[in-house]
Amino acid sequence: MDRKLSGDGGVGAVFNLVEDHVHHPGDAPADGRLVLSRLRAGASALKAQAPSIKLVLEGEELYRVDGRGVRLRPGQLLFLDAGEACEAEVRRGVSTLGLCLYLPRPATAGIAADLLLGRTLLLPGRTGALGRLLEDAARRIANDPAVGPAAAGPLVRAAGAA
């Protein structure tokens, strides 16, 4: 499922339901993207052209960003800043259900990442308003992916404002 939504406030965000790993990802939409993923073992390439927020509801994902491994477990939020391409992996014997919110591409695209601090920040999900909003939305969309296109614009706007 891939639909374009033009939301209020000029934010039009794309919604995708992803059930297979992506090896050649497309460019990030300028206005953002909301992705619900149901993945089995394998790896996906991520262009990381825009900042993103990742949330796992079930299973576990391993991200390789700038040579570092980051394990994302259920209920955790991973903030990933824009930068070089990276990889997400679901290990053998595991399947995942997750939500990824790509923010609109920043005007600062192309600025080098902070090599000392890195581009990732891992946080517990339900401790803040944004985490609760994303987890609640992820569960609603997982139960009924048809609501994803209508949720994309408001979630991108809410995350961008946070």
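Residues numbered from 1 in each chain as written. Predicted model: local features only at pLDDT ≥ 70, side-chain atom pairs only at ≥ 80, totals over all residues. Heavy atoms only, no water.

K.L.:
Just to check I follow, could you spell out the overall build of the protein chain for this structure?
P.N.:
Secondary structure summary: the protein chain contains two helices and eleven strands in total. Scanning the protein chain from its N terminus toward the C terminus, one meets helices and strands in the order β-β-β-β-β-β-β-β-β-β-β-α-α. Put simply, the protein chain has 162 residues, and 42% of those count as buried. Across the protein chain, every contact between residues at least 6 apart in sequence was considered, and the portion connecting residues at least 24 apart equals 65%. (Helix = DSSP H or I, 4+ residues; strand = E, 2+ residues; numbered from the N terminus. Buried < 20%, exposed > 50% of the residue type's maximum accessible area, 1.4 Å probe, protein only. Contact = heavy atoms within 4.5 Å.)

K.L.:
Teacher, can you tell me more about the sheet that holds strand 4 (residues 42-46) here?
P.N.:
Two pairing modes exist for strands in a sheet, parallel and antiparallel, and in both the strands are linked by backbone hydrogen bonds. Reading across the sheet, the four strands line up as 4-9-6-7 and stay open at both edges, with antiparallel pairing between neighbours. Either end of the sheet is taken by a strand with one partner, and the two such strands are strand 4 and strand 7 (68-72). In this sheet, neighbouring strand axes are inclined to one another by 20° on average, regardless of whether the strands run parallel or antiparallel. Of the strand pairs in this sheet, strand 4 and strand 9 (residues 86-90) are connected by five bridges, and their pairing is antiparallel. (Pairing = 2+ DSSP bridges. Axes fitted to C-alpha atoms, helices over the stretch in contact; angles between N-to-C directions.)

K.L.:
Quick question: what am I supposed to make of the packing of helix 1 (residues 129-143) against helix 2 (residues 148-161) here?
P.N.:
A pair of packed helices can be characterised by two numbers: the angle between their axes and the separation between those axes. Interhelical geometry of helix 1 versus helix 2 gives an angle of 170° and a closest axis separation of 11 Å. It follows that helix 1 is roughly antiparallel to helix 2 by the angle criterion. Side by side, helix 1 and helix 2 meet where Leu-130, Leu-133, Leu-134, Ala-137 and Ile-141 of the first sit next to Gly-148, Ala-151, Leu-155, Ala-158 and Ala-159 of the second. (Parallel < 35°, antiparallel > 145°, perpendicular 65-115°, else oblique.)

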